[in-house]
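Residues per chain are reported as follows:
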Amino acid sequence: MSPSDVRPTTLGELRAAESAGRLHRRTVKDEIRENLIARLRDKAPIFPGIIGYDETVVPQIVNAILSRHNFILLGLRGQAKSRILRAMTTLLDEAIPVVPGCEIHDDPLAPLCAACRARVRAEGDALPIAWLGRDARYVEKLATPDVTIADMIGDLDPIKAARSGLHLSDEMTMHYGLLPRANRGIFAINELPDLAGKIQVGLFNILQEGDVQIKGYPVRLPLDVLMVFSANPEDYTARGKIITPLKDRIGSEIRTHYPASRHHAMAITKQEAWTARHATGATGAIDVPEFVREVVEEVAFQARQDSKVDKRSGVSQRLPISLLENVVSNAERRAMLAGEPLVVPRITDIYAALPAITGKFELEYEGELRGADHVARDIIRSAVGNVFTGYFAGADLRQVTEWFDLGGTLQIDDTLDAAELLTRAAQVQGLRDLAEQLGIKADTPAPLAASAVDFVLEGLYAQKKIARSDEWQYQATEQPRRPARPAPDAMERDLPMPGSKKKYYN
Ligand SMILES: [Zn+2]
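About the thresholds
Residues numbered from 1 in each chain as written. Predicted model: local features only at pLDDT ≥ 70, side-chain atom pairs only at ≥ 80, totals over all residues. Heavy atoms only, no water. Helix = DSSP H or I, 4+ residues; strand = E, 2+ residues; numbered from the N terminus. Rg over C-alpha atoms; globule rule 2.2 N^0.38 Å. Buried < 20%, exposed > 50% of the residue type's maximum accessible area, 1.4 Å probe, protein only. Contact = heavy atoms within 4.5 Å. Donors = N, O, S within 2.8 Å, 3.2 Å for Na, K, Ca; no water. Tetrahedral: all angles 85-135°; square planar, octahedral: opposite > 155°, others 65-115°. Phe/Tyr/Trp six-rings, centres within 6.5 Å; stacked < 30°, edge-to-face > 60°. Expected span 1.5 Å × (residues − 1). Axes fitted to C-alpha atoms, helices over the stretch in contact; angles between N-to-C directions. Parallel < 35°, antiparallel > 145°, perpendicular 65-115°, else oblique. Nonpolar A, V, L, I, M, F, W, Y, C, P; charged D, E, K, R; others polar. Pairing = 2+ DSSP bridges.

Enquirer: Can you lay out the overall build of the chain for me, pointing to particular residues and giving the numbers?
Expert: Broken down by element type, the chain carries 21 helices and 18 strands. Taken against the 2.2 N^0.38 rule, which gives 23 Å for 506 residues, the C-alpha radius of gyration of the chain at 31 Å runs more than 25% over that of a compact globule. When the 506 residues of the chain are sorted by exposure, 49% land in the buried category. Contacts in the chain between residues far apart in sequence, at least 24 positions, make up 73% of those at least 6 positions apart.

Here's what the structure looks like:
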């Protein structure tokens, strides 16, 4: 029905609408397919808000829908799989006619369940019609090993059967599970491989034959559903995790992926992270410098390729999203304490936001030995180094590094207010000049200028051109701890290094 039509309110009106050609009855898969075709013809976005999949995942989903396939999205965590599955509802009609109160959303013109058939017989054309919106036609279940046939498909109620004098396999005695409740809609199962084998068999039977055995009784249940799934690719391809006949009934396997470029990733994080907070009026306006956004994103990219991080579980796009939120919060906290009206995150705020990082990846054995905090700090440092190179490749950094090499030190941490940071940094020759390459001018607000200075210092530290002590003091890099080839017996004693003002110990 198009929304402009007046919706029938009784079975009689519905029948009239159908015979006049105003009601287009079709299966869920045809409905989604035809609505998708309309969207493609209009050149409208298929899945608004899904970024970075336009040339990879989206065309494959389109093909699966056009093919009327049940499909599975294979990907690591945080690759927008659930989001895509939920977005499928936007391809459903605005509303469909149903028998009011029916748990499986029966079509009034062709009811499945015995109760609805009885109502149609009894009430005829006067049977009232309800209209079911598209959001109510999506059912989602996270598969876990303890999910039962009763949860998923349903159960037979012997007491109800005995009371009504019906045979136990009569569907009137059935207590419906999630799948029948998704009838005439979309049923999504996340982490499919975690589903027990016998439930997979049940799903397969319903997909294939329209019936299923419950407690040994065959129950006929010719449901009309689009089934969509998600899984981790390693679990899915592992032998024995998915029964072969079910795998065969899933028409398309579509691989998702992490953002291919930092640019896409930043767009996703910008869309998802809660940074537009000044509307609440609690703190000042928030201005996140582009280089801070880039480093936040690069942290995820670095973590995904770090050998100490478990590749099979992946590093979710939720890492940079949570990280950016925490980085902004650290900046808010500093701005509040300093009474600054403008909240500007700095690179050092990323180190303060470790709690948003360490829970977002699983470590390999080597990483476990090193500790999550340590691994995270190393990852941040590489990320800063990478982004810094992008901004300062070819820049002359010597004036600043020489100032430190001559013994200069600078005490700056993430709690220091912007004015004080700039005062302390002013003594370092060349530092402000480098910050100006980031677009800092004489009239740039102090918090923005301070963030730029902080980025230069952290970039030099990340590239090991200067050092930073555990007490957040920037200083000259230490000389090599030992000669390239130390004599074995020299390792055990104090080793004064020629040309160095300090002594080094092994
Ligand atoms: Zn019914």
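Enquirer: Mind laying out unusual backbone geometry, listing which residues take part and the relevant values?
Expert: With a phi close to 55°, Lys43 is a non-glycine residue in the positive phi region. Assessed through its relative accessible area of 73%, Lys43 is described here as exposed. In this structure, Glu191 takes a positive phi of about 55° despite not being glycine. Within the secondary structure, Glu191 sits in the loop between strand S7 (185-190) and helix H9 (197-209).

Enquirer: So what about the coordination of the zinc ion? Which residues, and what values?
Expert: Note on the zinc ion: its protein donors are Cys102 (SG), Asp106 (OD), Cys113 (SG) and Cys116 (SG). The metal-donor distances range over 2.2 to 2.3 Å. One can describe the donor arrangement at the zinc ion as tetrahedral, given that its four donor atoms subtend angles of 98 to 132° at the metal. In primary sequence terms, the donor set of the zinc ion follows C-x3-D-x6-C-x2-C. Of this pair, Asp106 sits in the loop between strand S2 (95-98) and helix H5 (114-123) while Cys116 sits in helix H5, and the two are ten residues apart along the sequence. Judged by its relative accessible area of 1%, Asp106 is buried.

Enquirer: Outline the packing of aromatic side chains, supporting the account with residue identities and numerical values.
Expert: The final tally for this structure, using the stated rule, is eight aromatic pairs. Where Phe291 meets Phe455, the ring centres are 4.4 Å apart and the plane angle is 5°; that geometry is what we call stacked. Here the residue Phe291 occupies a position in helix H13 (residues 290-305), and Phe455 occupies one in helix H21 (residues 446-462), the gap between them amounting to 164 residues. Per residue, the accessibility class of Phe291 equals that of Phe455, and both read buried.

Enquirer: Explain helix H2 (residues 28-41) residue by residue, including any values.
Expert: Helix length check: H2 (14 residues) gives 20 Å between terminal C-alpha atoms against 20 Å at 1.5 Å per residue, within 8%. Along H2, the positions that sit buried rather than exposed are Val28, Lys29, Asp30, Glu31, Ile32, Leu36 and Arg39. In the stretch just after H2, Lys43 is the one whose phi turns positive, near 55°.

Enquirer: An account of the packing of H2 against helix H3 (residues 57-66) is requested, with residue identities and associated values reported.
Expert: Where H2 contacts H3, the axes come no closer than 9 Å and their chain directions differ by 135°. Judged by the inter-axis angle, H2 sits oblique to H3. Where H2 approaches H3, its residues Ile32, Arg33, Leu36, Ile37 and Leu40 are matched on the opposing element by Val62, Ile65 and Leu66. A class-by-class count of the residues in the contact of H2 with H3 yields seven nonpolar, no polar and one charged.

Enquirer: Give me the lowdown on the sheet that holds strand S10 (residues 225-231), citing residues and values where you can.
Expert: With parallel pairing, the five strands of this open sheet are ordered in space as S4-S7-S10-S1-S11. Every other strand in the sheet has two partners, leaving strand S4 (138-142) and strand S11 (252-255) as the edge strands with one partner each. In this sheet, adjacent strand axes meet at a mean angle of 20° when their direction is disregarded. Bridging between strand S1 (residues 71-74) and S11 involves four bridges; their strand directions are parallel. Paired with Phe71 across the two strands is Ser252, which belongs to S11. The strands touched by H2 are S7 and S10; relative to S10, the strand with the most contacts, the crossing angle is about 75°.

Coordinates in, geometry out; function isn't part of it.
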